[in-house]
Amino acid sequence: MFRNHYDTDVTTWSPAGRLHQVEYAMEAVKQGSATVGVKSNNHVVLVSLKRALHSELSSYQNKLFKIDEHIGISIAGLTADARVLSKFMRTQCLNHRFVFESPIMPSRLVGKVADKSQKGTQGGSKRPFGVGLLVSGFSREKGPQLFLTDPSGSYYEYKGIAIGARSQAARTYIEKNFEQFPDASLEDLVLHALRALNATTGENVELTEENTSISIIGTAEPTNFFAYQGEQKENVLYVDGIPRTGAYTLYDGEFDLNDPRYLMLERALQRLHKADEAPPQDQMTDAEA
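Conventions used here
- Residues numbered from 1 in each chain as written.
- Predicted model: local features only at pLDDT ≥ 70, side-chain atom pairs only at ≥ 80, totals over all residues.
- Heavy atoms only, no water.
- Helix = DSSP H or I, 4+ residues; strand = E, 2+ residues; numbered from the N terminus.
- Buried < 20%, exposed > 50% of the residue type's maximum accessible area, 1.4 Å probe, protein only.
- Contact = heavy atoms within 4.5 Å.
- Areas by Shrake-Rupley, 256 points an atom, 1.4 Å probe, with all protein chains shown as cover.
- Axes fitted to C-alpha atoms, helices over the stretch in contact; angles between N-to-C directions.
- Parallel < 35°, antiparallel > 145°, perpendicular 65-115°, else oblique.
- Left-handed = near helix turned anticlockwise from the far one by under 90°.
- Phe/Tyr/Trp six-rings, centres within 6.5 Å; stacked < 30°, edge-to-face > 60°.
- Lys NZ or Arg CZ within 6 Å of the ring centre and 35° of its normal.
- Core = buried A, V, L, I, M, F, W, Y, C linked by side-chain atoms within 4.5 Å.
- Pairing = 2+ DSSP bridges.

**Some thoughts on the overall build of the protein**
A count of helical and extended segments in the protein gives 6 helices and 12 strands. Buried residues in the protein amount to 48% of all 289 residues. Residue pairs in contact within the protein that sit at least 24 positions apart in sequence constitute 61% of those at least 6 positions apart. Here the protein displays about 15300 Å² of accessible surface, and carbon together with sulfur accounts for 50% of that area.

**Some thoughts on the packing of helix α2 (residues 79–100) against helix α3 (residues 106–119)**
With their axes 10 Å apart at the nearest point, α2 and α3 run at an angle of 135 degrees to one another. When the axis of α2 is compared with that of α3, the two are oblique. Seen along the crossing, α2 lies across α3 with a hand that is right-handed. Counting all contacts with α2, which are made through Leu85, Phe88, Met89, Gln92, Cys93 and His96, the residues of α3 involved are Arg108, Leu109, Lys112, Val113 and Lys116.

**Comments concerning the packing of aromatic side chains**
Aromatic ring pairs are defined here through the distance separating the ring centres and the angle between the ring planes. Summed over the entire model, instances satisfying the criterion amount to 1 aromatic pair. For the ring pair Tyr156 and Tyr158, a centre distance of 6.3 Å and an interplane angle of 65 degrees mean the geometry is edge-to-face. Here the basic side chain of Lys116 rests over the ring of Phe88, its NZ or CZ set 5.0 Å away from the ring centre.

**Focus: the nonpolar core**
Judged by nonpolar contacts, the single largest core of 28 residues is most densely connected at Val36, Val38, Val45, Val47, Val190 and Leu194. In terms of residue count, the dominant contributor to this core is helix α5 (residues 186–198) (8 residues). Every residue in contact with Val190, bar those within four places of it in the chain, is listed here: Val45, Ile214, Ile216, Met264 and Ala268.

**Details of the pairing of strand β8 (residues 160–163)**
Going residue by residue along β8, you find Gly160 and Ala162 tucked away on one face and Ile161 and Ile163 tucked away on the opposite face as well. Of the pairings in the sheet, the one linking strand β1 (residues 35–39) to β8 comprises 4 bridges and is antiparallel in character. Paired with Val38 across the strands is Gly160, a residue of β8.

**Considering the sheet that holds strand β5 (residues 131–139)**
One open sheet accounts for 5 strands, arranged β3-β4-β5-β6-β7; its pairing is antiparallel. Two strands in the sheet have a free side with no partner beyond their single neighbour: β3 (64–68) and β7 (155–157). Across this sheet, the average inter-strand angle for adjacent strands is 25 degrees, counted without regard to direction. When β3 meets strand β4 (residues 71–77), the two strands line up antiparallel, connected through 4 bridges. When the bridges of β4 are listed, Phe65 appears paired with Ile73. Against the sheet, α2 engages β3, β4 and β5, with an angle of about 15 degrees to β3. This element, α3, spans β3, β4, β5, β6 (143–149) and β7 of the sheet and lies at about 10 degrees to β6.

Given below as C-alpha coordinates:
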(Lines give C-alpha, C1' and ligand atoms only; values in the text may rest on other atoms or scores of the structure.)
Protein backbone atom coordinates (compact mmCIF):
# COMPACT_ATOMS: atom_id res chain seq x y z
CA MET A 1 0.00 0.00 0.00
CA PHE A 2 1.13 3.55 -0.76
CA ARG A 3 0.30 6.91 0.72
CA ASN A 4 -2.46 8.88 -1.01
CA HIS A 5 -4.62 11.96 -0.47
CA TYR A 6 -7.33 10.04 1.36
CA ASP A 7 -5.43 8.25 4.12
CA THR A 8 -4.57 11.16 6.43
CA ASP A 9 -7.66 10.58 8.57
CA VAL A 10 -9.70 7.53 9.46
CA THR A 11 -12.95 9.39 8.76
CA THR A 12 -12.03 10.42 5.21
CA TRP A 13 -13.63 8.42 2.43
CA SER A 14 -11.84 7.88 -0.84
CA PRO A 15 -13.78 8.32 -4.12
CA ALA A 16 -13.76 4.52 -4.41
CA GLY A 17 -15.67 4.24 -1.10
CA ARG A 18 -12.71 3.02 0.98
CA LEU A 19 -11.34 3.95 4.39
CA HIS A 20 -7.61 3.56 3.89
CA GLN A 21 -6.68 3.87 7.58
CA VAL A 22 -8.92 0.89 8.36
CA GLU A 23 -7.31 -1.08 5.54
CA TYR A 24 -3.87 -0.24 6.93
CA ALA A 25 -5.00 -1.60 10.31
CA MET A 26 -6.08 -4.80 8.54
CA GLU A 27 -2.57 -5.01 7.07
CA ALA A 28 -1.12 -4.82 10.60
CA VAL A 29 -2.92 -8.08 11.39
CA LYS A 30 -1.11 -9.74 8.49
CA GLN A 31 2.27 -8.70 9.95
CA GLY A 32 1.79 -10.70 13.15
CA SER A 33 2.82 -14.32 13.45
CA ALA A 34 0.15 -16.78 12.39
CA THR A 35 -2.54 -18.25 14.58
CA VAL A 36 -5.02 -21.00 13.65
CA GLY A 37 -8.38 -22.00 15.07
CA VAL A 38 -10.34 -25.18 14.31
CA LYS A 39 -13.59 -26.53 15.74
CA SER A 40 -15.12 -29.99 16.13
CA ASN A 41 -18.45 -31.02 17.59
CA ASN A 42 -16.86 -31.15 21.06
CA HIS A 43 -13.84 -28.84 21.13
CA VAL A 44 -12.24 -25.66 19.84
CA VAL A 45 -8.46 -25.65 19.43
CA LEU A 46 -6.32 -22.54 18.96
CA VAL A 47 -2.64 -22.85 18.02
CA SER A 48 -0.17 -20.00 17.56
CA LEU A 49 3.39 -19.51 16.42
CA LYS A 50 5.17 -17.46 19.04
CA ARG A 51 7.75 -14.97 17.81
CA ALA A 52 10.77 -13.68 19.76
CA LEU A 53 12.04 -10.14 19.19
CA HIS A 54 15.61 -11.45 19.42
CA SER A 55 15.72 -15.21 19.03
CA GLU A 56 18.55 -15.77 21.52
CA LEU A 57 18.19 -12.76 23.81
CA SER A 58 14.49 -12.51 24.60
CA SER A 59 11.60 -14.75 25.50
CA TYR A 60 8.75 -15.54 23.15
CA GLN A 61 5.73 -13.24 23.09
CA ASN A 62 2.50 -14.74 24.39
CA LYS A 63 -0.25 -15.15 21.82
CA LEU A 64 -2.99 -16.66 23.99
CA PHE A 65 -5.05 -14.84 26.59
CA LYS A 66 -7.59 -16.32 28.97
CA ILE A 67 -10.70 -14.13 29.18
CA ASP A 68 -13.02 -16.25 31.34
CA GLU A 69 -13.37 -19.88 32.36
CA HIS A 70 -15.20 -20.57 29.10
CA ILE A 71 -13.58 -18.05 26.71
CA GLY A 72 -10.08 -17.45 25.42
CA ILE A 73 -8.46 -15.58 22.54
CA SER A 74 -5.50 -15.87 20.23
CA ILE A 75 -4.09 -12.78 18.54
CA ALA A 76 -2.30 -11.63 15.39
CA GLY A 77 -1.09 -8.05 15.07
CA LEU A 78 -0.15 -5.48 17.71
CA THR A 79 0.13 -7.19 21.09
CA ALA A 80 -0.33 -3.90 22.98
CA ASP A 81 -3.72 -3.41 21.32
CA ALA A 82 -4.62 -7.01 22.16
CA ARG A 83 -3.93 -6.36 25.84
CA VAL A 84 -6.35 -3.43 25.81
CA LEU A 85 -9.07 -5.51 24.16
CA SER A 86 -8.48 -8.50 26.46
CA LYS A 87 -8.83 -6.24 29.51
CA PHE A 88 -12.10 -4.89 28.07
CA MET A 89 -13.36 -8.44 27.45
CA ARG A 90 -12.51 -9.57 30.98
CA THR A 91 -14.34 -6.56 32.41
CA GLN A 92 -17.42 -7.38 30.34
CA CYS A 93 -17.35 -10.99 31.60
CA LEU A 94 -17.12 -9.85 35.22
CA ASN A 95 -19.94 -7.33 34.80
CA HIS A 96 -22.20 -9.94 33.22
CA ARG A 97 -21.53 -12.45 36.03
CA PHE A 98 -22.24 -9.78 38.65
CA VAL A 99 -25.52 -8.64 37.08
CA PHE A 100 -26.95 -11.90 35.73
CA GLU A 101 -25.09 -14.48 37.88
CA SER A 102 -24.23 -16.51 34.78
CA PRO A 103 -21.36 -16.59 32.27
CA ILE A 104 -21.68 -14.38 29.21
CA MET A 105 -22.46 -15.95 25.84
CA PRO A 106 -19.35 -15.96 23.61
CA SER A 107 -21.32 -14.47 20.70
CA ARG A 108 -22.53 -11.59 22.90
CA LEU A 109 -18.99 -10.82 24.06
CA VAL A 110 -17.65 -10.92 20.51
CA GLY A 111 -20.36 -8.48 19.46
CA LYS A 112 -19.30 -6.07 22.21
CA VAL A 113 -15.64 -6.26 21.10
CA ALA A 114 -16.65 -5.67 17.50
CA ASP A 115 -18.67 -2.61 18.56
CA LYS A 116 -15.64 -1.23 20.41
CA SER A 117 -13.43 -1.80 17.34
CA GLN A 118 -15.97 -0.16 15.06
CA LYS A 119 -15.98 3.02 17.16
CA GLY A 120 -12.32 3.49 16.25
CA THR A 121 -13.30 3.83 12.60
CA GLN A 122 -15.74 6.73 13.13
CA GLY A 123 -13.69 9.31 15.01
CA GLY A 124 -10.55 11.21 14.19
CA SER A 125 -9.29 11.28 17.79
CA LYS A 126 -8.37 7.56 17.86
CA ARG A 127 -6.91 5.09 15.42
CA PRO A 128 -8.37 1.63 14.70
CA PHE A 129 -7.04 -1.32 16.70
CA GLY A 130 -4.30 -3.06 14.76
CA VAL A 131 -5.03 -6.60 15.92
CA GLY A 132 -7.21 -9.51 14.86
CA LEU A 133 -8.67 -11.90 17.44
CA LEU A 134 -9.63 -15.55 17.21
CA VAL A 135 -12.13 -16.12 20.03
CA SER A 136 -12.84 -19.64 21.26
CA GLY A 137 -15.74 -20.17 23.59
CA PHE A 138 -18.24 -22.65 24.94
CA SER A 139 -21.86 -22.30 25.98
CA ARG A 140 -24.47 -24.86 27.00
CA GLU A 141 -26.85 -23.52 24.35
CA LYS A 142 -24.48 -23.39 21.36
CA GLY A 143 -21.64 -25.72 22.35
CA PRO A 144 -18.10 -24.93 21.13
CA GLN A 145 -17.81 -21.74 19.07
CA LEU A 146 -15.01 -20.07 17.10
CA PHE A 147 -15.15 -16.40 16.06
CA LEU A 148 -12.93 -13.93 14.21
CA THR A 149 -12.96 -10.17 14.82
CA ASP A 150 -10.96 -7.64 12.81
CA PRO A 151 -10.08 -3.92 13.10
CA SER A 152 -13.05 -2.87 10.95
CA GLY A 153 -15.52 -4.05 13.59
CA SER A 154 -16.70 -7.06 11.61
CA TYR A 155 -16.99 -10.51 13.19
CA TYR A 156 -17.72 -13.97 11.83
CA GLU A 157 -18.21 -17.48 13.16
CA TYR A 158 -16.03 -20.19 11.59
CA LYS A 159 -15.46 -23.91 11.48
CA GLY A 160 -11.76 -23.20 10.96
CA ILE A 161 -9.75 -20.05 10.19
CA ALA A 162 -6.22 -18.66 10.25
CA ILE A 163 -4.92 -15.08 10.47
CA GLY A 164 -1.48 -13.51 10.50
CA ALA A 165 1.60 -13.82 8.33
CA ARG A 166 1.41 -16.47 5.58
CA SER A 167 -2.02 -17.46 6.85
CA GLN A 168 -3.31 -18.16 3.33
CA ALA A 169 -1.39 -21.45 3.32
CA ALA A 170 -3.13 -22.46 6.56
CA ARG A 171 -6.54 -21.46 5.21
CA THR A 172 -5.90 -23.58 2.13
CA TYR A 173 -5.23 -26.60 4.37
CA ILE A 174 -8.38 -25.90 6.38
CA GLU A 175 -10.52 -25.60 3.24
CA LYS A 176 -9.28 -28.99 2.04
CA ASN A 177 -9.80 -30.79 5.36
CA PHE A 178 -12.58 -29.00 7.26
CA GLU A 179 -15.06 -31.81 6.57
CA GLN A 180 -12.98 -34.04 8.88
CA PHE A 181 -13.17 -31.60 11.79
CA PRO A 182 -16.70 -32.21 13.22
CA ASP A 183 -16.13 -35.87 14.16
CA ALA A 184 -12.40 -35.64 14.89
CA SER A 185 -11.03 -36.70 18.27
CA LEU A 186 -9.35 -34.04 20.37
CA GLU A 187 -5.84 -35.23 19.53
CA ASP A 188 -6.63 -35.46 15.80
CA LEU A 189 -8.12 -31.95 15.93
CA VAL A 190 -4.91 -30.68 17.55
CA LEU A 191 -2.91 -32.39 14.79
CA HIS A 192 -5.03 -30.72 12.09
CA ALA A 193 -4.42 -27.34 13.71
CA LEU A 194 -0.66 -27.95 13.89
CA ARG A 195 -0.54 -29.05 10.26
CA ALA A 196 -2.29 -25.85 9.23
CA LEU A 197 0.08 -23.77 11.38
CA ASN A 198 3.08 -25.64 10.01
CA ALA A 199 2.09 -24.52 6.51
CA THR A 200 2.71 -20.90 7.55
CA THR A 201 6.30 -21.40 8.74
CA GLY A 202 9.41 -20.66 6.72
CA GLU A 203 11.91 -23.19 5.48
CA ASN A 204 14.18 -22.83 8.51
CA VAL A 205 11.41 -22.79 11.13
CA GLU A 206 10.21 -25.95 12.85
CA LEU A 207 7.33 -26.14 15.28
CA THR A 208 8.58 -27.02 18.76
CA GLU A 209 7.22 -27.01 22.28
CA GLU A 210 8.94 -23.66 22.87
CA ASN A 211 7.62 -21.67 19.90
CA THR A 212 4.11 -23.17 19.74
CA SER A 213 1.17 -22.27 21.98
CA ILE A 214 -2.05 -24.25 22.12
CA SER A 215 -5.36 -23.77 23.89
CA ILE A 216 -8.36 -26.10 24.16
CA ILE A 217 -11.95 -25.69 25.29
CA GLY A 218 -14.99 -27.89 24.77
CA THR A 219 -18.03 -29.82 25.92
CA ALA A 220 -15.96 -32.83 27.03
CA GLU A 221 -12.82 -32.62 29.14
CA PRO A 222 -11.29 -30.08 29.18
CA THR A 223 -14.45 -27.99 29.62
CA ASN A 224 -12.62 -24.87 30.81
CA PHE A 225 -10.24 -22.81 28.71
CA PHE A 226 -6.61 -23.54 29.32
CA ALA A 227 -3.43 -22.89 27.39
CA TYR A 228 -0.12 -24.71 27.01
CA GLN A 229 2.45 -21.92 27.00
CA GLY A 230 5.77 -23.80 26.82
CA GLU A 231 7.68 -22.03 29.59
CA GLN A 232 11.24 -23.18 30.16
CA LYS A 233 12.03 -25.11 33.33
CA GLU A 234 14.81 -27.48 34.22
CA ASN A 235 14.38 -31.22 34.88
CA VAL A 236 10.62 -31.41 34.70
CA LEU A 237 9.53 -34.98 35.41
CA TYR A 238 6.71 -36.01 33.07
CA VAL A 239 4.25 -38.82 33.69
CA ASP A 240 6.37 -41.20 31.60
CA GLY A 241 9.35 -40.61 33.91
CA ILE A 242 11.52 -38.82 31.33
CA PRO A 243 12.83 -35.36 32.38
CA ARG A 244 12.39 -32.57 29.82
CA THR A 245 12.81 -28.79 29.77
CA GLY A 246 9.60 -27.63 28.05
CA ALA A 247 6.99 -27.29 30.79
CA TYR A 248 3.43 -26.18 30.09
CA THR A 249 1.55 -23.86 32.43
CA LEU A 250 -2.02 -22.73 32.80
CA TYR A 251 -2.93 -19.08 32.68
CA ASP A 252 -3.36 -19.07 36.46
CA GLY A 253 -0.70 -21.60 37.46
CA GLU A 254 0.64 -25.07 36.73
CA PHE A 255 -1.69 -27.99 36.37
CA ASP A 256 -1.14 -31.51 37.63
CA LEU A 257 1.82 -33.28 36.03
CA ASN A 258 -0.14 -36.52 36.25
CA ASP A 259 -2.78 -35.13 33.90
CA PRO A 260 -2.58 -37.17 30.65
CA ARG A 261 -3.30 -34.00 28.65
CA TYR A 262 0.12 -32.76 29.74
CA LEU A 263 1.81 -34.54 26.82
CA MET A 264 -0.84 -33.73 24.21
CA LEU A 265 1.15 -31.04 22.38
CA GLU A 266 4.31 -33.14 22.48
CA ARG A 267 2.53 -36.19 21.06
CA ALA A 268 0.90 -34.13 18.33
CA LEU A 269 4.24 -32.54 17.36
CA GLN A 270 5.85 -35.97 17.21
CA ARG A 271 3.10 -37.21 14.89
CA LEU A 272 3.44 -34.08 12.77
CA HIS A 273 7.20 -34.44 12.31
CA LYS A 274 6.98 -38.19 11.66
CA ALA A 275 4.48 -37.52 8.89
CA ASP A 276 6.83 -34.91 7.40
CA GLU A 277 9.74 -37.34 7.44
CA ALA A 278 7.81 -40.25 5.89
CA PRO A 279 8.49 -40.71 2.13
CA PRO A 280 5.56 -40.39 -0.29
CA GLN A 281 3.91 -43.67 -1.21
CA ASP A 282 4.90 -43.38 -4.88
CA GLN A 283 8.59 -43.14 -3.88
CA MET A 284 8.59 -46.43 -1.97
CA THR A 285 10.38 -49.31 -3.62
CA ASP A 286 8.75 -52.67 -4.18
CA ALA A 287 10.94 -54.15 -1.42
CA GLU A 288 9.84 -51.45 1.02
CA ALA A 289 6.24 -52.02 0.08
